[in-house]
Each structure stands twice: as C-alpha cells, then as structure tokens.
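Structure assessment
One letter stands for each residue in the lines below.
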Amino acid sequence: MKRFIEGEERTQSTLLPASLDEYVDDDNPVRVIEAFVDALDLGELGFKGVVPKVTGRPSYHPSVLLKIYVYGYLNRIASSRRLERETHRNIEMMWLTGRLMPDFKTIANFRKENTKALREICREFVVLCRNLDLFSDALVAIDSSKFKAVNNRDRNFTVAKMKRRLEQIDKSIDRYMAMMDTADRQEPEIAEARKGRLGEKIEILKEQTKKLKALEAEMLETEDRQLSLTDPDARSMMTSGRGTGMVGYNVQATIDAKHHLIIDHEITQSGLDCGQLSEMATRAKEAIGADDLTVVADRGYFEGEQLRACNDAGITTFVPRPLRSGSKAKGRFGKQDFVYLPEEDVYRCPAGEKLTWRYDSVEGGKTMHSYWTTACTECPLKEQCTTGKERRIKRWEHEAVVEAAQRRLDLDPEKMAVRRCTAEHPFGTLKSWMGATHFLTTTKDKVNAEMSLYVLAYNIKRIIKILGIKPLLEAIRAHRKALIGLLRAMTAQTGPSRRFGTITPCISTSKLINYVNILLTRNTQEAQTETVF
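A few points on the structure. Within every chain, residues take consecutive numbers counted from 1 along the sequence as written. Confidence filtering applies because this is a predicted model: local features only for residues at pLDDT of at least 70, side-chain atom pairs given and counted only at 80 or more, and all residues used for totals across whole chains, interfaces and linings. With hydrogens and water set aside, each side-chain value is computed from the structure's full complement of heavy atoms.

**Focus: the packing of helix H3 (residues 62-74) against helix H6 (residues 104-113)**
To keep it simple, the criterion reads: Here the axes come from fitting lines to C-alpha atoms, over the contacting stretch only for helices, and the angles between their N-to-C directions go from 0 to 180 degrees. We count a stretch as a helix when DSSP gives it H or I for four or more residues in a row; a strand needs E for two or more, and each element gets its number in order from the N terminus. Small angles under 35 degrees read as roughly parallel and large ones over 145 as roughly antiparallel, with 65 to 115 read as roughly perpendicular and the rest as oblique. When checking whether two residues touch, look at their non-hydrogen atoms; a contact exists if any pair is within 4.5 Å.
Direction vectors running N to C along H3 and H6 enclose 90 degrees, while the axes themselves pass 10 Å from each other. It follows from the interaxial angle that H3 and H6 lie roughly perpendicular. From H3, Pro62, Leu65, Leu66, Ile68, Tyr69 and Tyr73 reach across to H6, where they touch Thr106, Ile107, Ala108, Phe110 and Arg111.

**A word on the pattern of salt bridges**
A side chain with one charge may pair with a side chain of the opposite charge, provided their charged atoms come close. Selection rule: Salt bridges are defined as contacts in which a side-chain nitrogen from Lys or Arg sits within 4 Å of a carboxyl oxygen from Asp or Glu. Classification of residues uses two cut-offs on accessible area relative to the type maximum, computed with a 1.4 Å probe and protein chains only: under 20% is buried, over 50% is exposed, and between them is partly exposed.
Using the criterion set out here, one finds 23 salt bridges in the structure. In this structure, glutamate 34 and lysine 67 form a salt bridge, with 3.1 Å as the shortest nitrogen-oxygen distance. Taken together, the positions of glutamate 34 in helix H1 (residues 29-38) and lysine 67 in helix H3 put the pair 33 residues apart, joining distant regions of the chain. According to the relative accessible area criterion, glutamate 34 is partly exposed, its value standing at 23%. The shortest N-O distance in the salt bridge between glutamate 424 and arginine 419 comes to 3.6 Å.

**Some thoughts on H3**
The test is simple: Helix span, as expected, comes to 1.5 Å for every residue beyond the first.
Taking 1.5 Å of rise per residue, 13 residues should cover 18 Å, and H3 covers 18 Å from first to last C-alpha, within 8% of that figure. Within H3, 13 of the 13 residues are buried, which leaves the element mostly enclosed by the surrounding structure. In the segment just after H3, arginine 76 is the residue with positive phi, at about 60 degrees.

**So, helix H8 (residues 159-183)**
Counted at 1.5 Å a residue, the expected span for H8 with its 25 residues is 36 Å, and the 36 Å between its end C-alpha atoms agrees. Of all the positions in H8, only Lys161, Met162, Arg165, Leu166, Ile169, Ser172, Ile173, Tyr176, Met180 and Ala183 are classed as buried. Against the buried residues of H8 lie strand S2 (156-158), helix H9 (188-220), strand S4 (235-237) and strand S5 (246-256).

**Quick look at the sheet that holds strand S11 (residues 354-363)**
Just so we agree on the cut-off: Each pair of strands is called paired provided DSSP finds at least two bridges between the two strands.
The five strands lie next to each other as S9-S10-S11-S12-S13, forming an open sheet whose pairing is antiparallel. Each edge of the sheet is formed by a strand with only one pairing partner; in this case those strands are strand S9 (339-341) and strand S13 (393-396). Across the sheet, the axes of successive neighbouring strands diverge by a mean angle of 40 degrees, strand direction being ignored. In terms of strand pairing, strand S12 (residues 366-372) meets S13 through four bridges, oriented antiparallel. In the strand pairing of S13, histidine 369 is matched with arginine 395. Against the sheet, helix H13 (residues 399-411) makes contact with S9, strand S10 (346-348) and S13, and its axis sits at roughly 90 degrees relative to S13, the strand it touches most.

**What about unusual backbone geometry?**
Phi at arginine 76 takes a positive value of approximately 60 degrees, unusual for a residue other than glycine. With respect to the helices, strands and loops of the structure, arginine 76 is situated in the loop between H3 and helix H4 (80-89). Not every positive phi belongs to a glycine, and arginine 225 is a case in point at roughly 55 degrees. With respect to the element layout, arginine 225 can be found in the loop between H9 and strand S3 (226-228). Look at arginine 225 and you get partly exposed, because its relative accessible area is 46%.

**Some words on the nonpolar core**
The following threshold applies: Side-chain atoms within 4.5 Å link the members of a nonpolar core, which is a set of buried Ala, Val, Leu, Ile, Met, Phe, Trp, Tyr and Cys residues.
Phe47, Leu66, Leu277, Phe439 and Met451 are the most contacted members of the largest nonpolar core, which totals 105 residues. Among the elements that line this core, the one with the most residues is helix H15 (residues 444-467), at twelve residues. Contact partners of phenylalanine 439, with chain neighbours within four places excluded, come to Phe147, Lys148, Val150, Tyr249, Val251, Ile267, Met434, Val447, Glu450 and Met451. Judged by nonpolar contacts, the second largest core, of 14 residues, contains Leu166, Ile173, Leu212 and Leu227.

**Examining the packing of aromatic side chains**
Filter applied, for reference: Any two of the Phe, Tyr and Trp rings considered here, Trp counted by its six-membered ring, make a pair once their centres fall within 6.5 Å; the pair's planes then place it as stacked at under 30 degrees, edge-to-face at over 60, or tilted in between. In this scheme, the term charge over a ring applies when either NZ of a lysine or CZ of an arginine sits within 6 Å of the ring centre and within 35 degrees of the ring normal.
Counted according to the given criterion, the structure contains 13 aromatic pairs. On the basis of an interplanar angle of 35 degrees and a centroid distance of 5.8 Å, the ring pair of phenylalanine 147 and phenylalanine 439 is categorised as tilted. With phenylalanine 147 in strand S1 (residues 139-148) and phenylalanine 439 in the loop between helix H14 (415-434) and H15, this residue pair connects regions lying 292 residues apart in the sequence. There is no split in this pair, since phenylalanine 147 and phenylalanine 439 are both buried. Feature note: the residues Phe47, Tyr69, Tyr73, Phe110 and Tyr454 constitute an aromatic cluster, connected by ring pairs. Here lysine 431 stacks its cationic end above the ring of phenylalanine 147, 5.0 Å away from the centre of that ring.

Structure, rendered in structure tokens:
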C-alpha cells in the first residue's frame, strides 16, 4: 500500500495515551453545552436528584444526564436507547460526561421525572440571550404548527369518527349476510364452508361493535368528546390539506424577528389559534424585559378581546382581520363597506346615507351598539345591501381598538412579510430534525419537556451561528464574572444578607440577577426612607 496515507495498527500500544480533551477542539459546540449547564443551579430549577442519597447505590448527577440530552437533541438524537449507545462510542459524549455511561432507562426516567425543570432550562437560555442584547428590536412573530403525537389516527375517536365507523361495520355485516344468502343457493359442501367463514367475520364485527360502544360511552364523558387511546392528551386536528388531519398537539411559539430565536413556546390541545395571542405576547414581553413590544401574527389569531388585552398591556399588534361576512360572500356589501364617523357616532353607507345609533345589546358577553337608517326602503342600492327591511350594523364597544390595529396594518403591510420570514423558518427546521415521527413521549407534560429540549437545541445552534463559539463562551464567562463582582460589591456596601448565602462560582446566572434586583430595590427603598425623614 505504498503512496497511500496509512493508519496505525489496531494492536499498537502507546506509552502515554492521548487525553479526551485533545480530541475536542476549542470551538467545538460541546464546550458551549458544558459552560451553559455548569452555570445552572439545577436544584433551584427543580431538578430531582441534586442532593445525593444517604444510603443505596450512588446516582448520576442531573447535570450529567442534562448534558446527554442537550447534546442528543443538538445532534438529532432523541431516543434514550440511541443516547446510551452514543455514550459508549462517541468521543464528544465521553468528554462531556467524563466517560460515564448511564443505561437507557436512567436516561429516559430523567426526562420523564423533570418535565417542569426542563421547561425552565429554556427560560434560562432566553435570559442569557437577553443579557447578550439579542432582543434589542422588540419585534416578535407569533405562530403555531401542528406536531404529530404518538397516537395513530385509528386510535383516536371523535363523535363523527365513531358514527362513521359504526356505520361502516353495519354495512359490512349487511354485506356478509347477503353473501350468506347467496351461499345457501350453492352446493351444500361449498355453502357450509363459505357460511362458516362469513359467520366468523360477522362475529368479529359484532365484537368490534361492542368495543366501540364501550369506547363511545367513555368518549362522551370527556369534556371535548374526544378520546385517544395511546396518548390520552393528544387531539385530532385539522390541517390545511383536504383529508390530511392529524392526531397531535398545536405548538405555539414566539420568535424574535431579528435573530429568529424562539423566545417562548407552549403546547396546546386546541387546533385553533384564536385566544392565544395576548398570553403569548405578554409572556414574550416579560421574557425579553421590553417596555414596548410589537407583535405580528396571522389572521387565525384575530379576536377583539385579544387585541384589547394586548393594547392594555402596551403591546402593538399587527394582525389581519379575517373576512367572515356572509353578505360579502353572497355578493352584497359587507361591514367593511360602511365607514364609521367617530365625531358623529354614525356609519356612512355606500349610498351616502348615515346609520344612527338605535340601542345596545349584549351578545356573547360583549356590549354591541346597533345602527340603522329608515332610508333603506327607497335606496337604489338596497338589492346590493340587504334582503330585509333595513341594513343593520353592529359595533362592539371597543371596536376602536380593532380599527386602530387594522389601520396600522394598512399603513405598514410589509409586516406580514416579516411574519412569514420569521415564523415559518423555526418550525420547518424543527420538523426536519424530528423526522416523520415528531414526538416520542406521551401526555402533555412529557411532550412539553421534549419540545423544550428541541427549542433549546435550536436556540443554541442559532446563537452559535450568530456569535460564534469562542465569543459565546467568553460572553457567558464575562457576564457571570461581572454579575458576581457587582453582587459582592453591593453586598459589601449594604452588609451581608442571610437570604443570599454564599456567593460561589457555581451559582446560577438567574439567581445572580435576582439577587442584584433585590439589592437595587432595597437600596431604593432605603433612599426613599431617608428622604422622607
């Protein structure tokens, strides 16, 4: 094998074997995982097993198992059995865990038992991104996407599905009974054999009917009249394509428009986005610590009460109004063709007449104002407007908030292009990582934890792409060092506090920020007291 690059003999012995650290470069992503996890206070975040047991076999520290999961999801490895194999053969994993090799059951139980704590890890990373000033634009997009659950469509039942399946069984039984009547007219030997087979099929269908009836009774007792056998929390949801519904979860996400980082996410069991806007926007505003926030979303999030809640919280919304007018669909004038004149509190119709206020009513918990005019009877455009005696327009008491949102969108329609460019990319990336089967766990809490790991892995990849590995490591260390120095200086000035305990290098970044805020508040209160007296 001359003139080829030759490797070493497998049986060759070395005097001083190379250390694991020599195999991991300084710009390897596993060093970011190491720095990030070591900076967390896992006990404060709610991880189980931080305090070792007094008796029994020693357990693995939660930081080891957390590093395994973060590395796995960062490299599209979500299965606990595959993660176990990686600890035996992957040099990066060996470096990360110190050659520890937990079995798959231990790895799987960690994810199952720390669902809430894994959600907190995402928030910790968002805090890091906020401290690195990555959310300076205060512009976010809210969107959702449906992810498959570990539940086949045949093992999910709704009222319509149950009715359709029972009807199919009844038709099959009728068809088999007709075939038995046909068999009676044939030769005895053939007739007996065929009737025996058909009778077995009919008995099987009758047993299926009994099981479906029992499942139907159980289904009707649920709140939403829906039953999933494999994952009890999964729900049947419609998708954009005809006949392409799936059983899964609707994942809501808030994405930063500048760097496409996922600020917040939530697993929901409803296939509709209506009612999610204000909660997601408020949580995003708190997460990035912004005084003002601009939110863009698609028309599925449009709802008057949601826009009003966002307006009260100081959040500017860009949400297009859906076209739901029945009159417009039939070729007549819609409500948008009537112009409201706030100075006179009247509507101007397409014919130029003014519709005045008549009375108020409460519909669905909302106070509605009704407007109409008596000039409709002689109007030449009446056939294009209404089929009744007069055209009536109803206006919500807080309709001005909705109109202001629509006016903003009319003046800046490019915000919808920002939404598409921002919100679609993360969901497409996550689904490509997950493959054909999206989630591997069942029940909402466990699925939420699994989604948190995917979001954390996505954000880590994004921030590495934005800053680079070495600058990111330096930023993490510099930020922690500055916080520890500031806290020690403030503690020295104000005196020690029993609430803080010892300031050690392993204290979490979130706890450091919390301590600084407490001291700032305390100093402000003391200054105000001195001013008063």
